[in-house]
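Survey of secondary and tertiary structure
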Amino acid sequence: MAGLMTDVYTYETLINKYAGFTVPAVRLYVDGRELDQDMTRNILKVELSLSLSAASMAVIRIGNIYRREERMFDKKIKNRIKLGTIVEVGIGYGSEITKVLKGFVALLGAEFTETPCLVVTVMDVRRLMMLGGVHQILHNVKNYSDAVKTILGGYSRLCKAEIDATSDNLETPLSQNATDYDFIAGELAGSGRAGREFFVLGDTAYFRKPAKETRPVMQMEFGRELQMFRMEAGYLDLKVQVSGYDAQEQKIIRADAAAKSGEPQASLSSGTPLSCILDPQADTQDKAGIRAKALAREQTAGVQRAQGTCIGLPGIVPGRYVEIVKLEDMANRKYYVTGVRHEIGEEFFVTEFETEGWA
């Protein structure tokens with residue numbers, strides 16, 4: 001699954017690879033082994049939701065396995081897929097499959113309609129991190145990234161970790177009083193303290209510099225693979241200021257970063273509004289600067305939004321850019337993907353994506 005973060009495509013190579021996008025396909029791998037073809041043919045529909053900011057999930061409907069005379073589902077499948085079972089989901093066309101999600105069966109249920117089906121919900125490791133309860137721990141580490149490495153090591157059955165090291169030189173143990181997910185995603189990444197983004201894609205948990213891979217997955221054209229596209233920029237003109245205190249030098253630390261929409265806009269005030277944050281952790285200029293830049297980037301991305309719908313493309317994933325071309329100057333740019341929804345069945349495969357921030 002490593003290629004999800006590095007592969008680059010063209011429409012021409014994909015239409016050849018996927019034989020004209022004519023035969024949508026799904027594969028399930030249960031505890032490392034692919035389900036046999038008889039089971040796979042019974043998959044009626046898969047809805048995949050991949051996200052930067054929440055646990056990714058797949059809702060899988062398996063039909064044609066209800067034995068009406070016995071009033072029960074086929075034991076062969078029920079015995080393979082139980083709560084807690086590790087499942088990988090691959091999507092594509094024909095025999096060309098890309099694994100996009102590794103997780104565990106978090107929910108298991110049934111729908112009884114004209115075609116009764118098992119409903120299997122697979123969620124990635126972030127859901128397990130949320131379910132683990134609040135931990136009261138002191139991490140005796142020098143850097144935030146060291147604590148993240150230790151925590152993620154406890155989830156190695158579901159993911160491997162790719163971590164961009166931080167240089168924080170912490171002088172006291174790092175306190176955790178939250179779930180593993182809230183601690184990493186909220187207190188370290190979401191607050192801007194670590195200058196990193198945290199998400200899971202495929203079989204890898206990333207704690208990395210934001211938008212690290214700047215190459216777009218592919219260029220997209222309206223009327224070709226792109227079926228709908230909507231974008232908008234909001235007014236923003238703000239200066240983010242983070243203040244801390246250097247106890248050794250006995251002086252106040254301040255760092256500023258500009259948050260602007262990036263679009264031509266008229267000035268509405270005589271001075272740039274200031275958003276001030278007091279951060280006891282910002283005891284050096286570098287730490288204050290890291291947080292100011294992270295918060296400014298988050299503010300800017302929040303007013304740069306877009307949505308699109310295209311033919312089913314497994315390579316469109318959160319954490320990558322897509323490039324829109326040949327539309328109009330205000331729309332032709334690279335967009336940072338934050339959420340993707342793949343819907344796939346026997347005769348259809350559609351991808352919807354949403355973005356925040358652009359280049």
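Read on for an overview of the structure. (Residues numbered from 1 in each chain as written. Predicted model: local features only at pLDDT ≥ 70, side-chain atom pairs only at ≥ 80, totals over all residues. Heavy atoms only, no water.)

Of the strand pairs in this sheet, strand 3 (residues 43-51) and strand 4 (residues 57-63) are connected by six bridges, and their pairing is antiparallel. Its bridge partner lying in strand 4, Glu47 is registered against Val59. Between strand 3 and strand 4, which follow one another and run antiparallel, lie five residues. Pairing geometry for strand 3 and strand 22 (residues 334-345), over seven bridges, is antiparallel. Within strand 22, the position partnered with Val46 by the bridge is Ile344. (Pairing = 2+ DSSP bridges. Helix = DSSP H or I, 4+ residues; strand = E, 2+ residues; numbered from the N terminus.)

Scanning the model with the defined rule gives 13 aromatic pairs in all. Between Phe21 and Tyr93, the ring centres sit 5.5 Å apart and the planes meet at 75°, which makes this aromatic pair edge-to-face. With Phe21 in the loop between helix 1 (11-17) and strand 1 (24-30) and Tyr93 in strand 7 (residues 86-93), the pair connects residues that are 72 residues apart, well separated along the chain. Taken together, the aromatic side chains of Tyr11, Tyr18, Phe21, Tyr93 and Phe349 make up a single cluster linked through ring pairs. Over the ring of Tyr29 we find Lys99; its NZ or CZ atom is 4.2 Å from the centre of that ring. Sitting above the plane of the Tyr336 ring, Arg297 keeps its charged end 5.5 Å from the centroid. (Phe/Tyr/Trp six-rings, centres within 6.5 Å; stacked < 30°, edge-to-face > 60°. Lys NZ or Arg CZ within 6 Å of the ring centre and 35° of its normal.)

Before going further, it helps to examine the sheet that holds strand 17 (residues 237-246). Read from one edge of the open sheet, three strands run 18-17-19, paired in mixed fashion. The sheet is open, and its two borders are formed by strand 18 (251-260) and strand 19 (274-278), each paired with just one other strand. Each adjacent strand pair in this sheet contributes to an overall mean axis angle of 20°, direction not counted. Inspection of the sheet shows strand 17 paired to strand 18 by ten bridges, in the antiparallel sense. The residue bridging Ser243 from the neighbouring strand is Arg254, located in strand 18. Its contacts with the sheet place helix 7 (residues 285-302) against strand 17, strand 18 and strand 19, and it is angled at close to 25° to strand 18. (Axes fitted to C-alpha atoms, helices over the stretch in contact; angles between N-to-C directions. Contact = heavy atoms within 4.5 Å.)

Here we take up helix 6 (residues 180-190). Looking at helix 6, one finds that the buried residues are Asp180, Tyr181, Phe183, Ile184, Ala185, Leu188 and Ala189. In the stretch just after helix 6, Gly192 is the one whose phi turns positive, near 85°. (Buried < 20%, exposed > 50% of the residue type's maximum accessible area, 1.4 Å probe, protein only.)

Moving on to the layout of surface pockets. By volume, the largest pocket amounts to about 1100 Å³. Elements that contribute at least two residues to the lining of the largest pocket include exactly strand 3, helix 6, strand 13 (197-201), strand 16 (226-233), helix 7, strand 20 (304-311), strand 22 and strand 23 (349-358). By volume, the second largest pocket is sized at about 430 Å³. For the second largest pocket, the lining is made up of 16 residues, of which Pro24, Ala25, Val26, Thr40 and Arg41 are closest to its centre. Among the elements that make up the lining of the second largest pocket, the one with the highest residue count is strand 1 (four residues). Looking at side-chain class alone, the lining of the second largest pocket contains seven nonpolar, four polar and five charged residues. (1 Å grid on protein atoms, 1.4 Å probe; cavity = no way out; pocket = protein on both sides within 12 Å on 5 of 7 lines; lining within 4 Å. Points joined across faces, edges and corners; volume = space filled by probe spheres on them. Nonpolar A, V, L, I, M, F, W, Y, C, P; charged D, E, K, R; others polar.)

This part is about the pairing of strand 20. Most of strand 20 is tucked away: six of the eight residues are buried. As paired strands, strand 16 and strand 20 are joined by seven bridges and run antiparallel to one another. When the bridges of strand 20 are listed, Phe229 appears paired with Gly308. In this sheet, strand 23 lies alongside strand 20 in antiparallel orientation, the contact comprising seven bridges.

It is worth spelling out the nonpolar core at this point. Side chains of a nonpolar character, in soluble globular proteins, are inclined to be buried together. Grouped together as the largest cluster of nonpolar side chains are 63 residues, with contacts concentrated most on Ile60, Met220 and Phe353. For this core, the element with the most residues is strand 22, which contributes five residues. Apart from residues no more than four positions distant in its own chain, Ile60 is found in contact with Leu28, Ile43, Lys45, Val46, Val89, Leu118, Val119, Val120 and Val122. (Core = buried A, V, L, I, M, F, W, Y, C linked by side-chain atoms within 4.5 Å.)

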